[in-house]
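Chain and residue survey
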There are 2 protein chains.
Amino acid sequence: MKHILATLLLITAIVPWCRSQQLHSGYPITPVAFTDVKITDHFWKDRLQANREVTIPLAFEKCEETGRYDNFVKAAHPDTSYKVEGFSFDDTDVYKIIEGASYSLQTFPDKRLSQYIDSVLDIVAGAQESDGYLYTARSMNPTHPHAWAGATRWSAVEHLSHEFYNLGHMIEGAVAHYQATGSRKFLDIAIRYADCVCREIGDREGQTVAVPGHQIAEMALAKLYLVTGDKKYLEQAKFFLDKRGYTSRKDKYSQAHRPVIEQDEAVGHAVRAVYMYSGMADVAALTGDSSYIQAIDRIWDNIVNHKLYITGGIGATYSGEAFGRNYELPNLTSYCETCASIGHVYMNYRMFLLHGDAKYYDILERTLYNSLIAGISLDGGKFFYPNPLASDGRFERQSWFGCACCPSNVCRFIPSLPGYVYATRDDSLYVNLFVANSSTLKLGGKKVEITQSGNYPWSGDMAITISPQKRQSFTLKIRIPGWVQNTPLPGDLYSYIDDKHTSYTIKLNGQPIEGDLHNGYFTITRAWKKGDKVEVSLDMTPRLVAANHKVAADRGRIAVERGPIVYCAEWCDNDVKITNILLSKKPIFDESYKADKLHGIIELQTNDVQVLNYDATGKLHVQDTSLILIPYYSWAHRGKGHMSVWLPTELYSVELTRPKEDILQNNGFFKQE
Amino acid sequence: MKHILATLLLITAIVPWCRSQQLHSGYPITPVAFTDVKITDHFWKDRLQANREVTIPLAFEKCEETGRYDNFVKAAHPDTSYKVEGFSFDDTDVYKIIEGASYSLQTFPDKRLSQYIDSVLDIVAGAQESDGYLYTARSMNPTHPHAWAGATRWSAVEHLSHEFYNLGHMIEGAVAHYQATGSRKFLDIAIRYADCVCREIGDREGQTVAVPGHQIAEMALAKLYLVTGDKKYLEQAKFFLDKRGYTSRKDKYSQAHRPVIEQDEAVGHAVRAVYMYSGMADVAALTGDSSYIQAIDRIWDNIVNHKLYITGGIGATYSGEAFGRNYELPNLTSYCETCASIGHVYMNYRMFLLHGDAKYYDILERTLYNSLIAGISLDGGKFFYPNPLASDGRFERQSWFGCACCPSNVCRFIPSLPGYVYATRDDSLYVNLFVANSSTLKLGGKKVEITQSGNYPWSGDMAITISPQKRQSFTLKIRIPGWVQNTPLPGDLYSYIDDKHTSYTIKLNGQPIEGDLHNGYFTITRAWKKGDKVEVSLDMTPRLVAANHKVAADRGRIAVERGPIVYCAEWCDNDVKITNILLSKKPIFDESYKADKLHGIIELQTNDVQVLNYDATGKLHVQDTSLILIPYYSWAHRGKGHMSVWLPTELYSVELTRPKEDILQNNGFFKQE
């Protein structure tokens, strides 16, 4: 009786969450939902529009074209002649695109799109078995399921069968669809499948003990608990975490080498890893299990101090799509999977909700403006799976991939962006991202209108207007990015060469105000009145970054940042071969806004650079030259060629080499290890 | 009875060995002893003379000065007040210098020196305990022996107590002294100590099971067996090898990590290692134990393919004075201990005696003319312990070391050189080193006079005259060095860039003759008559060497050789900073003989080189320049400064860097791992 009452209370408590700004997520800090934030930003509107007009239609088309819908139709009418052609997780692309389309509908209502989603959901619903199980790779031909699906339900779920992974993405999509549309159509499908898993998986009699081979169900089930109030989903999420490292699978690849609460290093497949850490944060927030928090705090420290690219990307090695060893951060062969960047945003967002420190948003912002959006072309139609920090000319974005996790993941992430701008805690309002918007959120139970205007990330000047319905006391917490405080990132992986650029100013209604930072936030507590205006001005002078000497690939090199943007040199902007350049020790960069270039960018240019070349007689020549840099995210839009984020300031890092065939031919030297 | 008879036969068999050319060592190939070869060579006479006139007197003087003789006197009259000041192996310096002086006496008879040695031996004899034990570090104060000596006899012999090591050097010195002088004075002391060890060490009842912490007793005991015919010494040597890896000590440092016959990689302390492999070769030759041979063949392959410096030096790391990992061959921090070079000669000499292949002599010659003699100054008075392949100005030879193993080791090695020139097998005579000499050796039981003349290593033209007493059929086997056949070394560690230089010619009595090489030897079988003359001409054009790409320290660099000599650039010959040079891809070197420089050298010079420098504004400038190279062995005779064997041909290996304080100061970057 007590339990039922608690559940009812919980449902009461969470119902308003689903479709409003106040997410009672169990975290100390409360998200402000994407539904409450209206983006007006130039930089992001462009991305949101491309997502809506190109990515989503393209992605749905690819689902049609590649038979992803057919799989659901076949599963609805099983036949022993069916053979699954793709991957056992192809269903999730459909769920992820519905998720993205749902977010998008909130910003751009679109009846035709709503109806299309409905029709897709009809097809999905048809594939659900009577007990809720939904996995087309098995259902379409249960006698000969997909090679990866295992002989029986769950039998290969810790390895190649993605039954729980599919459940996770289904829930993520279904909750977004419910939040955006109010329709329970997708949510009910997800609940039925989740109930099936909760019935069949566990350590009670008659149940199967198994954990996901690819994590995501953990955070999804925590979310389903919040939406439904049914605690069994939270318990299932916790079960998946707590059994990890104790079942048949025990390897680093899937973070199953040790119990999760004993882990202290980011290892294995990077996407699985950050999805798991995000799930641990969610379950910790909802259950108060501090051992989870201690573990993810340790792992976060490990990433930030040893395993994070300057672009915010994670995953150093192609082998296993995995984290490398500490300080192993190669550039040409960096993996930095787009999905891993998205998961890294999820993780840092949750770390912020737990701890309220701006340092997590410094990483989130870095990942967002660099590694993550590099994963999709400016027009929304082409995609990178890995996002290397250097190119020898072999890389270009593709329209789609056989394994389509990355396109469908950016498809769902981009339109969710409005949900990352603000957060609240009691009487405090956090301004976490500088994105022009017009929003109405609740603070102390009262509606407050807030707008941001400006031209971030090109300009560091933002105006924030606060309009409570009537004079209201609360605290505004404006995130002052680490990069303007001479700290590119927490930890000692990266450092600014120069410490001149540590300036920012804050004005309140035209008057400069001073204040200390608390956890990275400039804090103004006052009785706010309608139209109060806060002006934030961040020094956007380009900054030179050096990596810790232990990062072999970056020795004798610098990277250049301006605001949150990491820059790179690309072949097509420069007459000289960018592998052959040598920057002076502290190059000075001029900036100019190019409205017509790459959807509008600030370009950087320096003359403090020389180019090295050998002449036909083998003699080295050095010439003064100039070098143009563009934002890293905007590379690879103009054909294939050289690109590099880290630029040589020392001879030993200049890549110019004599033609190898002249030095040692045919004798097996220069073979790779 | 049978055993006694066998022993008697053996004694009969070996007695002629001791003081004549024919060493019945058990090996398929028979050494020609140092006693039968009279060096007339310009290059080596200089070294032998310096050894006699400077090194030996200096070394004896240091023994006096540092109390090494006093230790023996104190041991003869123990007192509880005595405290050993040096190392527990200081006794061996005395034995090693006597060994060197004995060899020297053969070339330069010197009555005063003989008498001095006699007087030293009187002091040594006085320190021997009544049962033969001779270890001053314990005997001078048995109640408080040297800290390294252990509480009781043998108790620390596998770790810091060098009781067996001292025995080994004692036997080596004693046998040389006996061979050179015919006096048994030192030999009898050694036999008494060896008998003591044979009585007390073993696995019979009442005995102690222990193996040497620092090897050498293995090869010494094998030699003592040959001199005395007493098989117990050979058995003791085999015991030491066979028990290794089974006793209390089991570590890589002393090659006790696995049973010796299971080893396949050169690991741990390099001197201990090559002394052990030499002992294994000796015992294998005398016992026919092929498992030893298989093990040292594997280890030799490992060294040649993965762990050998171009100078023939071994031991990559200061830490543990040890072999590094495969391909770990740093230059500035290369260890290449002088003693390890000597041990490496011992090892390769024995491998040749086992297998009869010239490839072992290619390594022996490389080590001899480069890493080994770099360990002692041209005047014989200063010494290197490590022999780095590059210097940043910190290295200079010293007059002596607290741990004096290297000076006393070169002191004994240099005058033993005549023993490495020839060898015989049945009716074959091997010419292994090109050293001018005049010798009489026995072939088929008959005396054959042989002389070499020429100016090796500066000239590649040598004349060999053969004078049997009367016309005699036999085979002359002339080693054709790998370096003249475009193979700097066996294995794939090093390679010549250019394959133009593969020429050598052989003339017999003025007529060119052709022939195939067998195991690296040009073979002439004929009936030789008095005064037959063979002229050997080796192409001495400088050769450019590249290292396997897996050797990180040598990437983008070349080394230069001429004949058997490895060259280096030293600061004092060049106006430009040698860290800043960039050679063209195939520099051409001119050569000139400088009679008055560094005791006479061929100097190499190239104009195919540029020098790089930053100006005050931080801009890079490149200028044509020239570069002079000198033989590596002759470096560090004119003050301290930069030196490098491996010279940059690629930008990334040019060491010129911007001043670090300008790039990243005070922020903990560039700290070493």
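Residues numbered from 1 in each chain as written. Chains lettered and ligands numbered in written order. Predicted model: local features only at pLDDT ≥ 70, side-chain atom pairs only at ≥ 80, totals over all residues. Heavy atoms only, no water.

Let's talk about helix 3 (residues 68–76) of chain A
Residues and elements named next belong to chain A. Which entries qualify depends on this criterion: A 1.4 Å probe rolled over the protein chains alone gives each residue an accessible area, and that area as a share of the maximum for its type sets the label: buried under 20%, exposed over 50%, partly exposed in between. Secondary structure follows DSSP: runs of H or I at least 4 residues long count as helices, runs of E at least 2 residues long count as strands, and numbering of each begins at the N terminus. Read the arc as the range of directions from the helix axis to the C-beta atoms. By definition, residues are in contact when any of their heavy atoms lie within 4.5 Å.
Here helix 3 has its buried residues at R68, Y69, N71, F72 and A75. The arc enclosing the buried residues of helix 3, seen along the axis, measures out at 155 degrees, which places them on a common side. On its buried side, helix 3 packs onto helix 2 (42–65), helix 4 (91–107), helix 5 (111–126) and helix 6 (136–139).

Considering the packing of helix 13 (residues 338–355) of chain B against helix 14 (residues 358–372) of chain B
All names here are of chain B. To be explicit about the condition: Inter-axis angles, ranging from 0 to 180 degrees, are taken between N-to-C directions of lines fitted to C-alpha atoms, where helices are fitted over the stretch in contact. Small angles under 35 degrees read as roughly parallel and large ones over 145 as roughly antiparallel, with 65 to 115 read as roughly perpendicular and the rest as oblique. Rotating anticlockwise by less than a right angle from the far helix to the near helix defines a left-handed crossing, while the corresponding clockwise rotation defines a right-handed one. Put simply, Ala, Val, Leu, Ile, Met, Phe, Trp, Tyr, Cys and Pro go in the nonpolar bin, Asp, Glu, Lys and Arg in the charged bin, and everything else, Gly too, in the polar bin.
For the pair helix 13 and helix 14, the least separation of the axes is 8 Å and the interaxial angle reads 160 degrees. When the axis of helix 13 is compared with that of helix 14, the two are roughly antiparallel. Every pair of crossing elements has a handedness; the one defined by helix 13 and helix 14 is left-handed. On the side of helix 13, the interface is formed by T338, S341, I342, H344, V345, N348, Y349, M351, F352 and H355, while helix 14 contributes Y360, Y361, I363, L364, T367, S371 and L372. Among the residues making up the contact of helix 13 with helix 14, the classes are represented as 10 nonpolar, 7 polar and no charged.

Some remarks on the pairing of strand 16 (residues 543–547) of chain B
Residues and elements named next belong to chain B. Note the cut-off: In short, DSSP must find at least two bridges between two strands for them to pair.
By the criterion of burial, strand 16 is predominantly enclosed, with 5 of the 5 residues buried. Neither face of strand 16 is exposed, since R543, V545 and A547 on one face and L544 and A546 on the opposite face are all buried. Two elements, strand 10 (residues 494–496) and strand 16, share 3 bridges in a ladder whose sense is antiparallel. Directly across from Y494, in strand 16, lies its bridge partner A547. Two elements, strand 16 and strand 17 (residues 557–562), share 3 bridges in a ladder whose sense is antiparallel. Bridge assignment links V545 to a residue of strand 17, and that residue is A559.

Focus on the packing of helix 4 of chain A against helix 15 (residues 405–413) of chain A
When two helices pack together, their arrangement is given by the angle between their axes and by how far apart the axes lie. All names here are of chain A. Between helix 4 and helix 15, the shortest axis-to-axis distance is 7 Å and the interhelical angle comes to 20 degrees. By the angle between their axes, helix 4 is roughly parallel relative to helix 15. Of the two elements, helix 4 crosses helix 15, and the hand of that crossing is left-handed. On helix 15, the residues that touch D93, K96, I97, E99, G100 and Y103 of helix 4 are C405, S408, N409, C411 and R412. Its residues assigned to classes, the contact of helix 4 with helix 15 comprises 4 nonpolar, 3 polar and 4 charged.

Details of the packing of aromatic side chains
What counts here: Between the rings of Phe, Tyr and Trp (Trp by its six-membered ring), a pair exists once the centres lie within 6.5 Å; its type follows the angle of the planes, with under 30 degrees stacked, over 60 edge-to-face, and the other angles tilted. Ring-over charges, as used throughout, are those where CZ of Arg or NZ of Lys falls within 6 Å of the ring centre and within 35 degrees of the ring normal.
Summed over all chains, the structure comprises 79 aromatic pairs over all chains. Aromatic side chains Y349 of chain A and Y420 of chain A sit 4.8 Å apart centroid to centroid with 70 degrees between the ring planes, which places their arrangement in the edge-to-face category. A residue pair is termed long-range when its members are at least 10 positions apart, and Y349 of chain A in helix 13 (residues 338–355) and Y420 of chain A in the loop between helix 15 and strand 4 (422–425) qualify at 71 residues. Take Y349 of chain A and Y420 of chain A: they sit in the same class, and that class is buried. With 5.3 Å between their ring centres and 80 degrees between their planes, Y133 of chain B and W154 of chain B make a pair best called edge-to-face. Highlighted residues: Y133 of chain B in the loop between helix 5 (111–126) and helix 6 (136–139) and W154 of chain B in the loop between helix 6 and helix 7 (163–181), separated in sequence by 21 residues. Each member of the pair, Y133 of chain B as well as W154 of chain B, carries the same accessibility label: buried. These aromatic residues form a ring-pair network of at least three members: F43, W44, Y369, F434, Y456, W458 and Y633 of chain A. The cationic tip of R153 of chain A hangs over the ring face of Y133 of chain A; the distance from NZ or CZ to the ring centre is 3.9 Å. The ring of W528 of chain B carries the charged tip of R526 of chain B above its face, separated from the ring centre by 5.2 Å.

Some details on the sheet that holds strand 7 (residues 446–454) of chain A
All names here are of chain A. Strand order in the open sheet formed by 7 strands is 2-6-7-8-15-11-12, and the pairing between neighbours is antiparallel. Each of the sheet's edge strands pairs with one partner strand only, and the pair in question is strand 2 (37–39) and strand 12 (511–513). Across this sheet, the average inter-strand angle for adjacent strands is 25 degrees, counted without regard to direction. Here strand 8 (residues 461–468) pairs with strand 15 (residues 532–538) via 6 bridges, running antiparallel. Across the sheet, the residue bridging to M462 is V536, located in strand 15.

Digging into helix 7 of chain B
Residues and elements named next belong to chain B. What counts here: To estimate how far a helix should reach, multiply one less than its number of residues by 1.5 Å.
With 19 residues, helix 7 extends 26 Å between its outermost C-alpha atoms, agreeing within 8% with the 27 Å of an ideal straight helix rising 1.5 Å per residue. Counting buried positions along helix 7 yields 18 of 19 residues, so the element is predominantly enclosed. Count one or two residues on from helix 7 and you reach G182, which has phi positive near 80 degrees.

As for the pattern of salt bridges
Note that side chains of opposite charge can pair when their charged atoms are close. Where we set the bar: A pair is scored as a salt bridge if a Lys or Arg side-chain nitrogen falls within 4 Å of a carboxyl oxygen belonging to Asp or Glu.
Counting across every chain of the model gives 74 salt bridges over all chains. Here R366 of chain B and E561 of chain B are joined by a salt bridge, their closest N and O atoms 2.6 Å apart. Here R366 of chain B, found in helix 14, pairs with E561 of chain B, found in strand 17; they are 195 residues apart in sequence, far enough to count as distant. Exposure class is identical for R366 of chain B and E561 of chain B. Each is buried. What emerges from the salt-bridge pattern is a single network uniting E570, D573, K597, E603 and R638 of chain A.

Considering the environment of A295 of chain B
Residues and elements named next belong to chain B. With respect to the helices and strands, the residue A295 is situated in helix 12 (residues 290–307). Considered as a pair, A295 and V260 are 35 residues apart in the sequence and their alpha carbons are 7.3 Å apart. Not counting the four nearest positions on each side in its chain, A295 is found in contact with V260, I261, Q263 and M280.

Purely geometric stuff here, so don't read any function into it on its own.
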